[in-house]
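Here is how the chains run, residue by residue.
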Amino acid sequence: MPVFKTPFNGYSVKFSPFYENRIAVATAQNFGILGNGRLHVLELSSNPTLPITELVAYDTADGIYDVTWSESHDSVVVAAVADGSVKLYDLALPPTSNPIRSFHEHTREVHSADYNPVRRDSFLSASWDDTVKLWTVDRPTSVRTFKEHAYCVYSAVWNPRHADVFASASGDCTLRIWDVREPGSTMILPAHEHEILSCDWNKYDECIIATASVDKSIKVWDVRSFRVPISVLNGHGYAVRKVKFSPHVRNLMVSCSYDMSVCVWDFMVEDALVSRYDHHTEFAVGVDMSVLVEGLLASTGWDELAYVWQHGTDPRAP
């Protein structure tokens, strides 16, 4: 399956919600510690000699930690940048016209960005300055800042059914549920005893959410009764960097870890680990599942590689 070599270390990968053969990859130089960033937009093809090509690339002065596609414009991507900015790029415009927007309010690195899939007019940014910010494309300043976490916010993710609800995962070991119509968070889950690096909502049950932690575990929660998790998934050898629920199968999810593996899980069965992929040779830090093609996976890592493969096949196979 296709593999693409990036000049810098991979940080995040996302499938386009509009084109089944298009992905965006966020990268950062020198493992994201110091140096430039580059956002790659890649095109998959059925040509066996050239299965993956670069459509366009955008350079930044600082590393890019995350990327999210617009849900309303098929050519727009949002990048979360290490200098505290959030940048919007439009593939339909020449490179010299990009970025089309650069929002700079966060005082530390922006670690995640997520576009609202229901309302499709706004997006979230989560930062190491302990805050989450809500933005719309047409406003020069953020709509609102959510400040309750006591440490870095690594992830903020919209609920797939409720336009005003999102969750945030933090290094303060809590997951918080927010409703943008309310003055503060509506729920606080002390989900792990170590930092929470990622969270994601189930795409079929709006009350189920997963958290991934430095403690090497993934926990699945029902926010209606969150005293104990529905499921605890153990199998990674180091911190779990990212977790994503399948857009096609209710109980399926994928994760990646500093143990260099990508794992697919079924959280409703006892032997939850469905597949383990060990194709990366450095920290695996970005993973996604295509919403348009069932079972299509993508991952990226610090080995400067981005892979796309069908679940059940070998990512390294030609």
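Summarised in this report is the structure supplied together with it. Computed from a prediction, not measured in an experiment: that's the story for all the values here.

## As for the overall build of the chain
No. 1: When you go through the chain residue by residue, the secondary structure sums to zero helices and 28 strands.
No. 2: Expressed as lengths along the three principal axes of its C-alpha atoms, the size of the chain is roughly 50 × 45 × 35 Å.
No. 3: Burial statistics for the chain: of 318 residues in total, 59% are counted as buried.
No. 4: Put simply, of all contacts in the chain between residues at least 6 apart along the chain, 45% involve residues at least 24 apart.
No. 5: Surface summary for the chain: the accessible area is close to 12,600 Å², and the carbon and sulfur share equals 52%.
No. 6: Mean positive and mean negative side-chain charge positions of the chain (27 and 40 charges, respectively) differ by 3 Å.

## Observations regarding the pattern of salt bridges
No. 1: This model, assessed by the stated rule, comprises 19 salt bridges.
No. 2: The salt bridge involving arginine 22 is made with glutamate 43; its shortest N-O contact spans 3.0 Å. With arginine 22 in strand S3 (residues 22-28) and glutamate 43 in strand S4 (residues 37-44), this pair connects stretches of sequence that are 21 residues apart.
No. 3: For glutamate 43, a relative accessible area of 17% puts it in the buried group.
No. 4: Between aspartate 278 and arginine 276 there is a salt bridge; the shortest N-O distance is 3.4 Å.
No. 5: For aspartate 278, a relative accessible area of 40% corresponds to the partly exposed category.
No. 6: Owing to a relative accessible area of 36%, arginine 276 belongs among the partly exposed residues under this scheme.

## A short note on the side chain of threonine 60
No. 1: With respect to the element layout, threonine 60 can be found in strand S5 (residues 52-60).
No. 2: Reaching out from threonine 60, the side chain makes a polar contact with the backbone oxygen of aspartate 62 at a distance of 2.6 Å.
No. 3: Not counting residues within four places of it along the chain, the set of residues in contact with threonine 60 comprises Asn36, Gly37, Arg38, Lys87 and Tyr89.

## A word on the sheet that holds strand S18 (residues 196-201)
No. 1: Taken in spatial order, the four strands line up as S18-S19-S20-S21 in an open sheet, and their pairing is antiparallel. Because the sheet does not close on itself, it has two edges, and the strands there are S18 and strand S21 (231-234). Geometrically, the sheet is characterised by an average inter-axis angle of 20° between neighbouring strands, direction not taken into account.
No. 2: Where strand S20 (residues 217-222) meets S21, four bridges bridge the pair, whose relative direction is antiparallel. Bridge assignment links valine 220 to a residue of S21, and that residue is serine 231.

Reading the values: the criteria
- Residues numbered from 1 in each chain as written.
- Predicted model: local features only at pLDDT ≥ 70, side-chain atom pairs only at ≥ 80, totals over all residues.
- Heavy atoms only, no water.
- Helix = DSSP H or I, 4+ residues; strand = E, 2+ residues; numbered from the N terminus.
- Buried < 20%, exposed > 50% of the residue type's maximum accessible area, 1.4 Å probe, protein only.
- Contact = heavy atoms within 4.5 Å.
- Areas by Shrake-Rupley, 256 points an atom, 1.4 Å probe, with all protein chains shown as cover.
- Lys, Arg positive; Asp, Glu negative; His and termini not counted.
- Charge placed at Lys NZ, Arg CZ, Asp CG, Glu CD.
- Salt bridge = Lys/Arg side-chain N within 4 Å of Asp/Glu carboxyl O.
- Polar contact = N/O pair within 3.5 Å; in protein donor to acceptor, adjacent residues only side chain to side chain.
- Pairing = 2+ DSSP bridges.
- Axes fitted to C-alpha atoms, helices over the stretch in contact; angles between N-to-C directions.

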